[in-house]
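Structure assessment
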Amino acid sequence: MTIATAIRTTVLASTLMLGTATAAHAEPISAAKDNVVCFISAIPPYKTGAGSIASINFGFKVHCTGRPSLRSVNTKLYRYDPGDGKHHVHSERNDDTTDPDVETLYSASCSSAAILYQFHTKATMVAFNGNWDREYDDSITIGALC
């Protein structure tokens, strides 16, 4: 028992001393990363004309504090159907550019059915530059004939 206790004490002391020496010379973790922070905003959908068949524009804006190594934005235009009480993906687009400041608009088609739906945009961004960042934003909801 005495030998086992002495060995444990020696190992513990060695570990503590090694940890102290390593920590004293180590750089802070955040200094090793090039932290780029990105902010995303979903652009609310809007009709391009008055008729039911007029397309709907939707999109996103991104602002980053630097250029990310990787960035992917998935933008979905959701349509709420009061007939079945469900949200459906009306249109979906992806953008994989690494520009630090981007505003992108997409266009989705409508039919001549003239049904009043509710639409909203959801933009989800994943970016990497020394650290991973995942953000999303939902726009306001609009009513539109489609």
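Below or above, wherever it landed, is the structure these notes cover. Being a predicted model, the structure only gives us computed values, none of them experimental. (Residues numbered from 1 in each chain as written. Predicted model: local features only at pLDDT ≥ 70, side-chain atom pairs only at ≥ 80, totals over all residues. Heavy atoms only, no water.)

1. Looking at the overall build of the chain
A tally of helices and strands in the chain yields 2 helices and 8 strands. Per-residue burial for the chain yields a buried fraction of 32% across its 146 residues. The long-range share in the chain, meaning contacts at least 24 apart out of those at least 6 apart in sequence, stands at 66%. Carbon and sulfur atoms make up 58% of the accessible area of the chain, which totals about 9000 Å². (Helix = DSSP H or I, 4+ residues; strand = E, 2+ residues; numbered from the N terminus. Buried < 20%, exposed > 50% of the residue type's maximum accessible area, 1.4 Å probe, protein only. Contact = heavy atoms within 4.5 Å. Areas by Shrake-Rupley, 256 points an atom, 1.4 Å probe, with all protein chains shown as cover.)

2. Quick notes on the pattern of salt bridges
All chains considered together, the criterion is met by 2 salt bridges. Residue arginine 67 pairs with aspartate 99 through a salt bridge whose shortest N-O separation is 3.4 Å. In this pair, arginine 67 sits in the loop between strand E2 (56-64) and strand E3 (70-81) while aspartate 99 sits in the loop between strand E4 (86-95) and strand E5 (101-108), placing the two residues 32 residues apart along the sequence. Among the ionic pairs, aspartate 95 bridges to arginine 71, the shortest N-O distance being 3.8 Å. Of the two residues, aspartate 95 sits in strand E4 while arginine 71 sits in strand E3, which places them 24 residues apart along the sequence. As far as the burial class goes, aspartate 95 and arginine 71 line up, both buried. (Salt bridge = Lys/Arg side-chain N within 4 Å of Asp/Glu carboxyl O.)

3. Quick word on the sheet that holds E2
The sheet built from 3 strands is open, its strands ordered E1-E2-E5 with antiparallel pairing. A strand with exactly one partner marks an edge of an open sheet, and here the two such strands are strand E1 (38-47) and E5. Ignoring strand direction, the axes of neighbouring strands in this sheet form an average angle of 15 degrees. Relative to E2, E1 runs antiparallel, the two being bridged by 8 bridges. What sits directly across from isoleucine 43, in E2, is glycine 59. (Pairing = 2+ DSSP bridges. Axes fitted to C-alpha atoms, helices over the stretch in contact; angles between N-to-C directions.)

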